[in-house]
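# Observations on the model geometry
Read off the chains here:
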Amino acid sequence: MLKSTADHSKFKELQQGFSSGPEVTKTCLGCHTEAAKQIHLTQHWKWEYRNPDTQQLLGKKHVVNNFCTSVTSNYKACASCHIGYNTDGPKFDLTSESNVDCLVCHDQTGKYKKPSGFAGNPVTKDTEFPPGSGKIVRGINLSEIAQKVGPTKRSTCGACHFYGGGGDGVKHGDLDSSLEKPEKALDVHMAADGLNFTCATCHMTKGHQVPGSRYAPTAQDKEGAHMRGKADGSNPTTCQACHGQTPHKKTAKLNDHTDKLACQTCHIPAFARGDLPTKMSWDWSTAGKRDKNGKPLVIKNDEGHDIYLGIKGDFVYEDNVKPEYYWFNGTVKYTLADDKIDKANQPVWISKFEGSASDGKSMIWPVKLFRGKQPFDAENKTLTINHLAGQDDDAYWKNMNWDRAIAAGMAAAGKPYSGKYDFIETAAMWPITHMVAPKDKAVGCAECHTSNGRLEKVDGIYIPGRSRDHLGLLDTAGWALVGLTVLGVAGHGIGRIAASKKQ
């Protein structure tokens, strides 16, 4: 079946050698004249977003996380996942149309790569990197790739989103390479032999604007299902956008839960279910150890995953992880580089969901809670910007010297640094929205309506059967009435049977 109206291999403009990404983009723009202008308006391009409610300036350019901490002085490495070329620093040219990377999203060959350290540029001829290392980065054929472009698919989105935080499945927990060709048991929507959704099936893109950003999530959607052909301004990525407000047809009682529980709370019983573990904690304070040869120490677990790296510290991995649960109203509060912090208030929330049972706009959501320990300025009481990647002597991954790495990172960010650092415990919340299980594998009633169940720690809601909701004498009286009712029904039945035998 032909899925496209154009065979790009027949275009003479693409039947030439290309020595750089911008050369390909200039050719694309010859037909797709407005594409770059659309891209320039997106978060994917700007790496910046101003939250209209909190007024926090967010995006990769501004946030500090508890994985690799910040892109600010690490652009040449981090730009492997930017949709542009020549992204070599925070002041990269936002107005350049030829620096828009068309291939990173539209490659169909699986051969397109943007190696770390090249400022978001592909390598078109064999190159020794790092210089003098003897390691060769093989060049790729941009002409071949440009002739086989097509719509985005799970693997093109996943080339960045599956590998965030430094590895496959590391960051999100519900996004990893197992979703390239998942079975129905892993994700009922993306199952390769089932509905076979691509990312864009839900993240319905218009003018290259991709809805569903974690910087502006929809925690509660009270709208109905979207109707084809009817203009709708609500978020198309929510469950309700397809399933509506009463999705349970056979067991309507379950619809009583949808005013308090996000769909994901029941329908994603665990994350990291695709035989790939996710990172649950990262302790930078232990980094710096070397082996007997003076190389950064590497320790792996029995499954072959790094649990200690001299350049990064200690990690904890887990799979089939039950989420933690919190009220969430759609507002995420971030601790940014200028915010004051204190060790007396550990952990510092890198990102925290806001919400409560009483605000009228919150739902109970499943969350990956990621814990870290990272550097901060001990006198100025702020998180530090750390220069990690690069071939210069200040990069921590080269010299393993925190004094120099922090000083260089803070200078690149234009932030004051006292020269004294310490480590502080941090935590971050990540919403769980992928890896939707088949309905027969959803969370069962007894997993919540029980003592020490999944929702035991959630405040502001009465859950029958939960230990914290036992009401003492009232509960005893209630169960006594249930018992008397059962006895009454049983006695009545026995009496009827006895009477019928006499007759």
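Residues numbered from 1 in each chain as written. Predicted model: local features only at pLDDT ≥ 70, side-chain atom pairs only at ≥ 80, totals over all residues. Heavy atoms only, no water.

### Remarks on the layout of surface pockets
Here the second largest pocket is characterised by a volume of approximately 550 Å³. Of all the secondary-structure elements, those providing two or more residues to the lining of the second largest pocket are helix 8 (199-202) and helix 9 (240-243). Partitioned by chemical class, the residues of the lining of the second largest pocket number 10 nonpolar, 11 polar and 4 charged. (1 Å grid on protein atoms, 1.4 Å probe; cavity = no way out; pocket = protein on both sides within 12 Å on 5 of 7 lines; lining within 4 Å. Points joined across faces, edges and corners; volume = space filled by probe spheres on them. Helix = DSSP H or I, 4+ residues; strand = E, 2+ residues; numbered from the N terminus. Nonpolar A, V, L, I, M, F, W, Y, C, P; charged D, E, K, R; others polar.)

### Notes on the packing of aromatic side chains
On inspection of all chains with the given rule, the structure shows 17 aromatic pairs. Ring plane angle 90° and centroid distance 6.1 Å describe the contact between Trp45 and Phe92, whose orientation is recorded as edge-to-face. With Trp45 in helix 3 (residues 43-46) and Phe92 in the loop between helix 4 (75-78) and helix 5 (103-106), this pair connects stretches of sequence that are 47 residues apart. With respect to burial, Trp45 and Phe92 carry one shared label: buried. Seen from their ring centres, Tyr215 and Tyr334 are 5.9 Å apart, and the 45° between their planes marks the pair as tilted. Taken together, the residues span a long stretch of sequence, with Tyr215 in the loop between helix 8 and helix 9 and Tyr334 in strand 10 (residues 332-334) at a distance of 119 residues. The burial state of Tyr215 is the same as that of Tyr334; both residues are buried. Linked through ring pairs, Phe67, Trp282, Trp284, Phe315, Tyr317, Phe370, Tyr396, Trp402, Tyr421, Phe423 and Trp430 together constitute an aromatic cluster. Directly above the aromatic system of Phe315 lies the positively charged group of Lys279, at a separation of 3.5 Å from the ring centroid. Sitting over the face of the ring of Tyr308, Lys289 holds its NZ or CZ atom 5.2 Å from the ring centroid. (Phe/Tyr/Trp six-rings, centres within 6.5 Å; stacked < 30°, edge-to-face > 60°. Buried < 20%, exposed > 50% of the residue type's maximum accessible area, 1.4 Å probe, protein only. Lys NZ or Arg CZ within 6 Å of the ring centre and 35° of its normal.)

### So, helix 1 (residues 21-29)
Of all the 9 residues making up helix 1, 7 are buried; the element is thus mostly covered by neighbouring parts of the structure. Turning to helix 1, its buried residues are Gly21, Pro22, Val24, Thr25, Thr27, Cys28 and Leu29. Those residues of helix 1 hidden inside the fold are in contact with helix 2 (35-39), helix 5 and helix 6 (142-146). (Contact = heavy atoms within 4.5 Å.)

### Describing a nonpolar patch on the surface
On the surface, Leu481, Leu484 and Leu487 cluster together into a nonpolar patch covering about 340 Å² of accessible area. Residue position: Leu481 is located in helix 13 (residues 473-502). (Patch = residues over 30% accessible without salt bridge, like charges linked within 9 Å, V, L, I, M, F, W, Y side chains within 5 Å. Areas by Shrake-Rupley, 256 points an atom, 1.4 Å probe, with all protein chains shown as cover. Salt bridge = Lys/Arg side-chain N within 4 Å of Asp/Glu carboxyl O.)

### As for a negative patch on the surface
A cluster of acidic residues, Glu183, Asp193, Asp275, Asp302, Glu303, Glu318 and Asp319, forms a negative patch at the surface. If you trace the backbone, Glu303 turns up in the loop between strand 6 (298-300) and strand 7 (306-309). (Lys, Arg positive; Asp, Glu negative; His and termini not counted. Charge placed at Lys NZ, Arg CZ, Asp CG, Glu CD.)

### What about empty space enclosed by the protein?
Applying the stated rule across the entire model yields 2 cavities of 30 Å³ or more. In this structure, the largest cavity encloses a volume near 50 Å³. In this structure, the largest cavity is lined by Arg214, Pro217, Val332, Tyr334, Ser351, Phe353, Met429, Trp430 and Pro431. Elements supplying a minimum of two residues to the lining of the largest cavity: strand 10, strand 11 (348-353) and strand 14 (421-431). Residue contributions to the lining of the largest cavity peak at 3 residues, all from strand 14. Its residues assigned to classes, the lining of the largest cavity comprises 7 nonpolar, 1 polar and 1 charged. There is about 30 Å³ of room inside the second largest cavity.

### A word on the nonpolar core
Leu383, Tyr396 and Trp402 are the most contacted members of the largest nonpolar core, which has 28 residues in total. Leave out the neighbours within four places in its chain, and Tyr396 touches Ala287, Gly288, Gly310, Ile311, His387, Leu388, Asn401, Trp402 and Ala405. Ranked by size, the runner-up nonpolar core spans 20 residues in total, among them Phe18, Cys28, Ile39 and Ile140. (Core = buried A, V, L, I, M, F, W, Y, C linked by side-chain atoms within 4.5 Å.)

### Some words on the side chain of Thr69
The residue Thr69 is located in the loop between strand 2 (57-58) and helix 4 in this model. Looking at Thr69, the relative accessible area reads 1%, which means it is buried. Non-local contacts of Thr69, meaning those with residues more than four positions away in its chain, are made with Val63, Val64, Trp284, Gln374, Asn386 and Leu388.

### Things to note about unusual backbone geometry
In the segment running from Phe129 into Pro130, the intervening peptide bond is cis, with an omega of -5°. By the secondary structure assignment, Pro130 is in the loop between strand 3 (127-128) and strand 4 (136-137). A cis geometry characterises the amide bond from Gln346 onward to Pro347, with omega recorded as 0°. Position of Pro347 among the secondary structure elements: in the loop between strand 10 and strand 11. Even without glycine at this site, Thr69 takes up a positive phi of about 75°. In this structure, His208 takes a positive phi of about 70° despite not being glycine. With respect to the secondary-structure elements, His208 resides in the loop between helix 8 and helix 9.

### Topic: the pattern of salt bridges
On inspection of all chains with the given rule, the structure shows 16 salt bridges. Lys343 is the salt-bridge partner of Asp422, the closest N and O atoms lying 3.1 Å from each other. Taken together, the positions of Asp422 in strand 14 and Lys343 in the loop between strand 10 and strand 11 put the pair 79 residues apart, joining distant regions of the chain. When its relative accessible area of 35% is taken as the criterion, Lys343 is described as partly exposed. In this structure, the salt-bridge partner of Arg454 is Glu447, at a minimum N-O distance of 2.8 Å. Classification of Arg454 as buried rests on a relative accessible area of 15%. Under the relative-accessibility criterion, Glu447 is labelled partly exposed at 30%.

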